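Listed below are the residues making up each chain.
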Amino acid sequence: MLNKRELLLGGAAALVLAQPGLANAHHTAKYKNFKLDPQYAPQRVFFSMNYAPGTIVVDPRNHFLYLMERWGRARRYGVGVGKAGLAFRGRATIDRKAEWPRWTPTRNMIRREPQKYARYAGGVPGGINNPLGARALYLYKNGRDTYYRIHGTTQPRSIGRSVSNGCIRMINDHVVDLYNRVPLGTQVVVL
């Protein structure tokens, strides 16, 4: 049976984890020596490609994600992308969004690297140690899950690199910002 102190401490912990900024502060504490290259920080830029406002455009070669705005402007974020041969290309829509999502490696991930992923075949609950980070935007094509995601990361050093199993990784605070800006049905173009 819980005593009053355990109940209060548990409630306080739940409140902290429910607040993205506070949870991320704890999450990023273990990366306190990490400095993000300023080019990968969110910023408004001019973007010469002609996409409708609200469209997400991912440029994997340069490691940027653009949320299109009006008049040739975009909000740009730095991203980590898939290793050669593992990345999604083409068009998709965001048909699902999740806060602190559960993660399960795909069968292909387990087959490629069983020593790394087999132990997680049953899934990992959402939270600060989950590889999908604080938020996930699920990419669908023709109504079918592509198994590619735009999501947070527990590895901020992967931003600006091609190291993932194909998904598009973002700093947790940045993916929370993007998550709050885009609705379900958002168009995504991966160049």
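Whatever comes next refers back to the structure up there.
Before going into details, it helps to say that this report is about the structure given with it.

Quick notes on the rules
- Residues numbered from 1 in each chain as written.
- Predicted model: local features only at pLDDT ≥ 70, side-chain atom pairs only at ≥ 80, totals over all residues.
- Heavy atoms only, no water.
- Helix = DSSP H or I, 4+ residues; strand = E, 2+ residues; numbered from the N terminus.
- Buried < 20%, exposed > 50% of the residue type's maximum accessible area, 1.4 Å probe, protein only.
- Contact = heavy atoms within 4.5 Å.
- Areas by Shrake-Rupley, 256 points an atom, 1.4 Å probe, with all protein chains shown as cover.
- Pairing = 2+ DSSP bridges.
- Salt bridge = Lys/Arg side-chain N within 4 Å of Asp/Glu carboxyl O.

Each helix and strand in the protein chain was counted, giving five helices and 11 strands. Split into buried and exposed, the 191 residues of the protein chain put 45% on the buried side. Counting only contacts in the protein chain whose residues sit at least 6 apart along the sequence, the fraction spanning at least 24 positions is 65%. Accessible surface for the protein chain amounts to roughly 11,000 Å². Of this, 53% is attributable to carbon and sulfur atoms.

What follows covers unusual backbone geometry. Unlike most non-glycine residues, H63 shows phi in positive territory, near 65°. Of note, H63 is situated in the loop between β2 (56-59) and β3 (64-68). The class of H63 is buried, set by a relative accessible area of 11%. The residue Y147 is not glycine, and still its phi comes out positive at about 70°. Tracing the backbone through its elements, the reader meets Y147 in strand β8 (residues 144-151). Owing to a relative accessible area of 54%, Y147 belongs among the exposed residues under this scheme.

With that out of the way, let us pick up the sheet that holds strand β1 (residues 43-46). If you walk across this open sheet you meet the nine strands as β1-β4-β3-β2-β11-β6-β7-β8-β10, and the pairing is mixed. Among the strands making up the open sheet, the edge pair consists of β1 and β10 (168-169). In terms of strand pairing, strand β6 (residues 90-99) meets strand β11 (residues 187-190) through four bridges, oriented antiparallel. The residue of β11 that forms the bridge with A92 is V188.

Here the focus is the pattern of salt bridges. With the rule as written, the count across this model stands at five salt bridges. One salt bridge in this structure joins R181 and D177, with 2.9 Å as the shortest N-O distance. A residue pair is termed a helical-turn pair when its members lie 3 or 4 positions apart in one helix, as R181 and D177 do in helix α5 (residues 172-181) at four residues. Of the residues examined, R181 reaches a relative accessible area of 44% and is grouped as partly exposed. One network of salt bridges, with partners in common, ties together R75, D177 and R181.

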